[in-house]
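Report on the structure
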Amino acid sequence: MTYHNIILEKNNGIGHITMNRPAVLNALDVDTIQELTSAVAELEQDPSIHVAVLTGKDKAFIAGADIKQMKTMNPLEAKEFATRGHRLLHSIEHSRLPYIAAVNGYALGGGCEIMMACDLIIASSTAKIGQPEINLGIHPGFGGTQRLPRLIGTLKAKELLLTGDTIDAAEALRIGLVNKVVEPEKLIQETEAIAQKILAKSTVQTRFIKELVNTGMNMDLASACSLEISYFSSSFSTEDQKEGMLAFLEKKKPVFQGK
């Protein structure tokens, strides 16, 4: 499809999605959610892409949902809007691709929720993060009440959800909500470096690891460990396993083919 609210680029195995509504701080409306959903599907279906990076243009990652559009929604429209958001986040979370969020500024409301659906989060030191929906008389609708406590624990999650407070990047790092904080001018460079590091690994295993972590978190430990054994044994039918172990024994760098 033709994209108006985002920019989709593909470079050397990495897909880049950039939010492109800077006039409204990259706020999410129905059209933007549809474009994001289509872009995620396009990257998913492209066999040349193995890692994805999601960021925002100018001073915001995603500042939240478009309040002007939300203000007039009736309950049925609100349900459809939330359902669209959940489908988008599910497609990111369950993608075969590792998604890296490069949080360049405001990541509030739906922006924080999209950020949390990604696999790694690199934040600019100027980033502001939070779930301020309670200040609007609502609560998060794209999974914030569920993903936030899973990432940082229930007590801290309830504090942020109930107060609507926004935190800075340093606090987000301290509580385990982001992986790393860098200076603004180094954000894309650092994100690209991590993407390249992942790109050099076995794409079979990046997919296995993502599936194991995401699925296992919702299982009891014994069942999750059993699932890990199943995936582990399957790994020994792959060419990447043979390449990786042979390269180790021969003291050379492995060249994985994703097979």
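These figures come from a predicted structure and were not determined experimentally.

**Focus: the nonpolar core**
If you look at the biggest cluster of nonpolar residues, it comprises 48 residues, and the most contacted ones within it are Ile17, Met115 and Leu177. Other than its neighbours up to four places away in sequence, Leu177 contacts Met115, Met116, Ile121, Ile129, Leu148, Leu151, Ile152, Ile167 and Ala172. Ile14, Ile122, Leu187 and Ala195 belong to the second largest nonpolar core, which has eleven residues in total.

**Observations concerning the pairing of strand S5 (residues 99–103)**
Counting buried positions along S5 yields five of five residues, so the element is predominantly enclosed. Residues Tyr99, Ala101 and Val103 line one face of S5 and the alternating positions Ile100 and Ala102 line the opposite face, and both faces are buried. In terms of strand pairing, strand S3 (residues 51–56) meets S5 through four bridges, oriented parallel. Paired with Leu54 across the two strands is Ala101, which belongs to S5. As paired elements, S5 and strand S7 (residues 120–124) share four bridges and run parallel to each other. Looking across to S7, one finds that Ile100 is bridged to Leu120.

**So, a nonpolar patch on the surface**
Side chains of Ile67, Leu136 and Ile138 sit close together on the surface and give an oily, nonpolar patch of about 260 Å² of accessible area. Inspection of the secondary structure assignment puts Ile67 in helix H2 (residues 67–70).

**Side note on the packing of aromatic side chains**
This model, assessed by the stated rule, comprises three aromatic pairs. With a centroid separation of 5.0 Å and an interplanar angle of 70 degrees, the aromatic rings of Phe208 and Tyr231 are classed as edge-to-face. In this pair, Phe208 sits in helix H9 (residues 203–216) while Tyr231 sits in helix H10 (residues 221–235), placing the two residues 23 residues apart along the sequence. As far as the burial class goes, Phe208 and Tyr231 line up, both buried.

**Here's the deal with the layout of surface pockets**
Quantified by volume, the largest pocket comes out at close to 830 Å³. Residue lining of the largest pocket: 27 residues in total, with Glu93, Cys118, Leu151, Val213 and Asn214 positioned closest to the centre. Elements with a contribution of two residues or more to the lining of the largest pocket: helix H3 (75–93), helix H4 (110–117), S7, helix H5 (144–152) and H9. For the lining of the largest pocket, the element with the highest residue contribution is H9, accounting for five residues.

**Brief notes about the side chain of Asp240**
Topologically, Asp240 is positioned in helix H11 (residues 239–249). Buried Asp240, no salt bridge; nearest opposite-charge side chain is Lys259, N-O distance 8.6 Å. Asp240 has contacts with Ser202, Thr203, Val204, Phe256, Gln257, Gly258 and Lys259, leaving out every residue within four places of it along the chain.

Basis of the calculations
Residues numbered from 1 in each chain as written. Predicted model: local features only at pLDDT ≥ 70, side-chain atom pairs only at ≥ 80, totals over all residues. Heavy atoms only, no water. Core = buried A, V, L, I, M, F, W, Y, C linked by side-chain atoms within 4.5 Å. Buried < 20%, exposed > 50% of the residue type's maximum accessible area, 1.4 Å probe, protein only. Contact = heavy atoms within 4.5 Å. Helix = DSSP H or I, 4+ residues; strand = E, 2+ residues; numbered from the N terminus. Pairing = 2+ DSSP bridges. Patch = residues over 30% accessible without salt bridge, like charges linked within 9 Å, V, L, I, M, F, W, Y side chains within 5 Å. Areas by Shrake-Rupley, 256 points an atom, 1.4 Å probe, with all protein chains shown as cover. Salt bridge = Lys/Arg side-chain N within 4 Å of Asp/Glu carboxyl O. Phe/Tyr/Trp six-rings, centres within 6.5 Å; stacked < 30°, edge-to-face > 60°. 1 Å grid on protein atoms, 1.4 Å probe; cavity = no way out; pocket = protein on both sides within 12 Å on 5 of 7 lines; lining within 4 Å. Points joined across faces, edges and corners; volume = space filled by probe spheres on them. Lys, Arg positive; Asp, Glu negative; His and termini not counted.

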